[in-house]
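Each chain, letter by letter, is given below.
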Protein chains: 2
Amino acid sequence: MLIMHQKVTLIGTGGMATVCAMLLNRQGCRVCLLARDTGRAEELMKVRENRRYLPGFTFSEDVEITSDAGAAFDGANILVNCIPTQHIRTVWVELIESVETHIPVASVAKGIEIDTLLRPTEVLLDVLGELESVDRRAVATISGPTIADELARGLPASVVAASADTEFAQLLQKVFNCDHFRVYTNSDLIGVELAGATKNVIALAAGILDGLNAGINAKSALLARGLAEIARLGVAMGARSETFFGVAGVGDLATTCFSPTGRNRSCGELLGGGLPLDEALERSLGVVEGVPSTRSVYALAERYGVEMPITRALFRVLFEGLNPVDGIQTLMTRDPKPESLS
Amino acid sequence: MLIMHQKVTLIGTGGMATVCAMLLNRQGCRVCLLARDTGRAEELMKVRENRRYLPGFTFSEDVEITSDAGAAFDGANILVNCIPTQHIRTVWVELIESVETHIPVASVAKGIEIDTLLRPTEVLLDVLGELESVDRRAVATISGPTIADELARGLPASVVAASADTEFAQLLQKVFNCDHFRVYTNSDLIGVELAGATKNVIALAAGILDGLNAGINAKSALLARGLAEIARLGVAMGARSETFFGVAGVGDLATTCFSPTGRNRSCGELLGGGLPLDEALERSLGVVEGVPSTRSVYALAERYGVEMPITRALFRVLFEGLNPVDGIQTLMTRDPKPESLS
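Report follows, based on the coordinates. Every chain begins its residue count from 1, and numbering advances along the sequence as written. Each chain gets a letter, beginning with A, and each ligand a number, beginning with 1, in the order they are written. Since the coordinates come from a predicted model, pLDDT governs what is reported: local features require at least 70, and pairs of side-chain atoms require 80 or more to be given and counted, while whole-chain, interface and lining totals use all residues. As a rule here, side-chain values come from all non-hydrogen atoms in the structure, and water together with hydrogens is ignored.

### Quick word on the nonpolar core
Part 1 of the argument: Joining through side-chain atoms within 4.5 Å is the link that ties buried Ala, Val, Leu, Ile, Met, Phe, Trp, Tyr and Cys residues into a set, and such a set is a nonpolar core. Burial classes follow relative accessibility: with a 1.4 Å probe on protein chains only, a residue under 20% of its type's maximum area counts as buried, one over 50% as exposed, and anything between as partly exposed. Within the largest apolar cluster, 111 residues are counted, with the highest numbers of intra-cluster contacts made by L223 of chain A together with L223 of chain B.
Part 2 of the argument: A contact between two residues is defined here by any heavy atoms of the two lying within 4.5 Å. Apart from residues no more than four positions distant in its own chain, L223 of chain B is found in contact with V250 and A254 of chain A together with V250, L253, A254, C257 and F258 of chain B.

### Focus on helix α8 (residues 189-211) of chain B
Part 1 of the argument: With 23 residues, α8 of chain B extends 34 Å from end C-alpha to end C-alpha; this agrees with the ideal 33 Å at 1.5 Å per step.
Part 2 of the argument: When you tally the buried positions in α8 of chain B, you get 22 out of 23 residues, the bulk of the element. Going along the chain from the N terminus, every DSSP run of H or I of four or more residues is numbered as a helix, and every run of E of two or more is numbered as a strand. Helix span, as expected, comes to 1.5 Å for every residue beyond the first.

### Considering the interface of chain A and chain B
Frequently, the measure chosen for interface size is the accessible area removed from exposure when the parts meet.
Part 1 of the argument: Facing 54 residues of chain A, the contacting portion of chain B comprises 54 residues.
Part 2 of the argument: Summed over both partners, the accessible surface that disappears when two parts come together, traced with a 1.4 Å probe, is what is meant by buried area. Counting the surface lost from both chain A and chain B, the interface buries some 4,500 Å², and carbon and sulfur atoms represent 58% of this.
Part 3 of the argument: Take a side-chain nitrogen of Lys or Arg and a carboxyl oxygen of Asp or Glu: if they are within 4 Å of each other, that pair is a salt bridge. Across the chain A-chain B interface, the total number found is zero salt bridges.
Part 4 of the argument: Any pair of nitrogen or oxygen atoms within 3.5 Å is treated as a polar contact; in protein, a donor-acceptor pairing is required on top of that, and neighbouring residues in sequence qualify only through side-chain atoms on both sides. At the boundary of chain A with chain B, the tally comes to 13 residue pairs in polar contact (both at pLDDT 80 or more).
Part 5 of the argument: Put simply, the parts of the chain that give the side of chain A that touches chain B at least two residues each are α6 (148-152), β9 (157-162), β10 (181-186), α9 (216-236), α10 (247-258) and α15 (324-332) of chain A.
Part 6 of the argument: It is α9 of chain A that contributes the most residues to the side of chain A that touches chain B, nine residues altogether.
Part 7 of the argument: Of the residues that constitute the side of chain A that touches chain B, the class distribution is 28 nonpolar, 17 polar and nine charged. Residues are grouped as follows: Ala, Val, Leu, Ile, Met, Phe, Trp, Tyr, Cys and Pro are nonpolar; Asp, Glu, Lys and Arg are charged; every other residue, Gly included, is polar.

### Overview of the pattern of salt bridges
Part 1 of the argument: This structure, assessed with the given rule, holds 32 salt bridges over all chains.
Part 2 of the argument: Residue E61 of chain A is joined to R48 of chain A by a salt bridge in which the shortest nitrogen-to-oxygen separation is 3.9 Å. Placement of the pair is E61 of chain A in the loop between β4 (54-58) and β5 (64-66) and R48 of chain A in the loop between α2 (38-47) and β3 (49-50), with a sequence separation of 13 residues.
Part 3 of the argument: Overall, the relative accessible area of 9% leaves R48 of chain A in the buried class.
Part 4 of the argument: Measuring nitrogen to oxygen at the nearest pair gives 3.9 Å for the salt bridge that ties E320 of chain B to R316 of chain B.

### Section: the pairing of strand β2 (residues 30-34) of chain A
Residues and elements named next belong to chain A.
Part 1 of the argument: Counting buried positions over the five residues of β2 gives four, a clear majority of the element.
Part 2 of the argument: Being paired, for any two strands, means DSSP has found at least two bridges between them. One ladder, built from five bridges, connects strand β1 (residues 7-11) with β2; its direction is parallel. Residue pairing across strands places K7 opposite R30, the latter belonging to β2.
Part 3 of the argument: Looking down the strands as they point away from the viewer, one classifies a crossover as right-handed if the path from the first strand across the helix to the second runs clockwise. Read from β1 through helix α1 (residues 15-27) to β2, the crossover connection turns out right-handed.
Part 4 of the argument: Of the strand pairs in this sheet, β2 and β5 are connected by three bridges, and their pairing is parallel. Bridging from a neighbouring strand, L34 pairs with T66 of β5.

As structure tokens, then:
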């Protein structure tokens with residue numbers, strides 16, 4: 001397989017879609033970016049820069065940008081969904097006519113669909129009518145600590161390409177892997193997708209600690225206890241616990257909890273500083289996935305009977321008016337027990 | 001058991017000894033701080049503040065400060081070693097005459113003794129002549145994300161009290177646990193001590209990334225891969241892997257890698273910025289435990305036949321003159337494989 005014979009079509013025009021397009025273009029792939037409408041496609045083609053979500057970096061002329069789904073999918077070997085979780089269904093419902101049945105789909109979305117509690121790749125299969133099919137196409141997630149701006153600057157990063165289909169995971173590894181972007185494969189798709197969804201929940205809580213000036217000791221303890229509870233949920237849902245302790249688990253969680261620019265952590269910081277949720281969301285640029293994901297993850301915890309004290313406290317802070325200070329107190333004053341991950 | 005009937009003697013006058021004295025005093029214990037000489041004891045008694053290691057916080061008059069080991073140990077129920085790992089042997093050799101055989105010893109030191117490759121509690125037992133004894137006293141470690149300044153300000157934190165002796169771990173939990181300092185117990189003493197020693201090694205490497213301006217994606221990937229390699233070593237040495245994913249494992253690791261003030265991370269940052277090791281150490285205040293620990297952990301990896309690529313690369317940077325940039329390259333350009341913790 002030659003990389004230059006691969007056509008990769010990216011659906012979406014956010015920061016990750018943009019940086020993936022640049023990266024795959026440098027790798028020698030044929031890259032097509034599918035925008036949601038003609039205006040957006042023309043704007044990107046004209047300025048060759050994603051000024052809204054990734055300012056300061058130029059697209060090569062080789063990157064095709066279009067709003068014509070038929071043209072975008074024609075001859076594509078790999079599709080990559082870069083639409084945020086809660087919008088996947090709406091966007092893809094309009095695309096299904098143009099998507100050929102054999103093309104495998106990867107997704108970089110992190111979250112859980114709020115009404116269905118489905119993971120991003122499950123939502124995609126559902127829209128494509130293949131969720132219950134035995135003969136469904138290969139799906140994968142690409143996940144890890146990937147602040148788009150750092151990737152665009154060529155700084156080193158690692159991700160996991162996870163799929164139950166080993167060949168598809170290896171294809172993604174081959175296409176994406178380069179000297180500054182290291183791609184591991186993992187067959188635990190459930191674990192990697194759940195890790196990506198749940199880390200935003202923990203990062204929101206971590207941001208609240210920042211807003212309360214609670215210190216790094218507290219935030220690191222939250223990270224460790226948060227990791228334990230999301231791993232517990234994962235295991236109950238069929239994931240492997242070690243996935244949560246890998247690059248797409250604790251690696252992504254650490255980035256999200258400590259990066260000053262992260263949307264979820266920053267939104268949490270505003271909440272910890274005393275702002276109501278609606279105002280905090282108004283001040284945030286782009287989608288704060290941790291907010292709907294807190295609902296979804298809390299519902300999953302209930303469904304699977306898993307104890308998730310941090311998620312529960314955050315749910316009460318976000319949606320039941322619990323004061324963030326009391327939320328933290330709830331966490332700190334529970335009876336300490338022998339340390340355990342289970 | 002009433003806490004106020006417990007006399008706890010802390011050996012050492014660093015930041016952790018100071019903050020433990022303050023914390024236990026507020027809990028109602030009788031607290032004695034054993035200084036290495038009369039001058040240091042008198043200085044601390046006179047100013048009632050540890051200006052060198054924890055400026056801005058006052059000792060209560062109830063805290064006894066002395067350089068008389070006999071008086072310090074007399075009637076003590078618990079000893080807590082707060083001497084840094086590489087100095088434990090020298091300091092304790094002079095104390096053994098005064099230490100009664102039945103008093104249990106906890107330690108807050110993090111490291112591996114460089115010549116013997118013993119853990120802090122093993123060094124203590126060795127000096128006390130009990131390492132090979134079947135009837136040895138109870139030993140424990142107290143470990144976790146504990147930046148002393150934050151603890152002194154009463155900010156929330158969690159630690160693990162680890163001992164093969166469950167009763168001693170529970171006694172420590174009872175004595176230390178309060179509303180802002182949450183103490184978990186853990187029977188995996190080996191794991192908790194190893195986690196404390198190895199996290200400084202990974203934090204030095206993380207600091208080098210900071211010095212190279214490699215970004216948060218890279219540092220978080222290093223944290224995840226570092227955690228995997230220190231867990232591998234731990235399992236080979238008889239520890240439980242889940243200990244490394246708890247508060248004293250990933251929690252402490254995250255603090256050490258991300259706290260701007262951490263000595264190990266900061267020293268690494270100077271190295272990444274181009275300073276030679278001796279100059280970087282000269283500029284560091286206090287003990288940079290990660291430097292000797294890199295030697296010890298590398299030696300343990302060789303002895304137990306465990307692959308530890310980050311530790312090996314750091315060893316070559318610190319002691320064999322490898323350029324930090326090449327050290328990082330070594331890590332990033334190895335063939336990516338399926339993700340695995342084993």
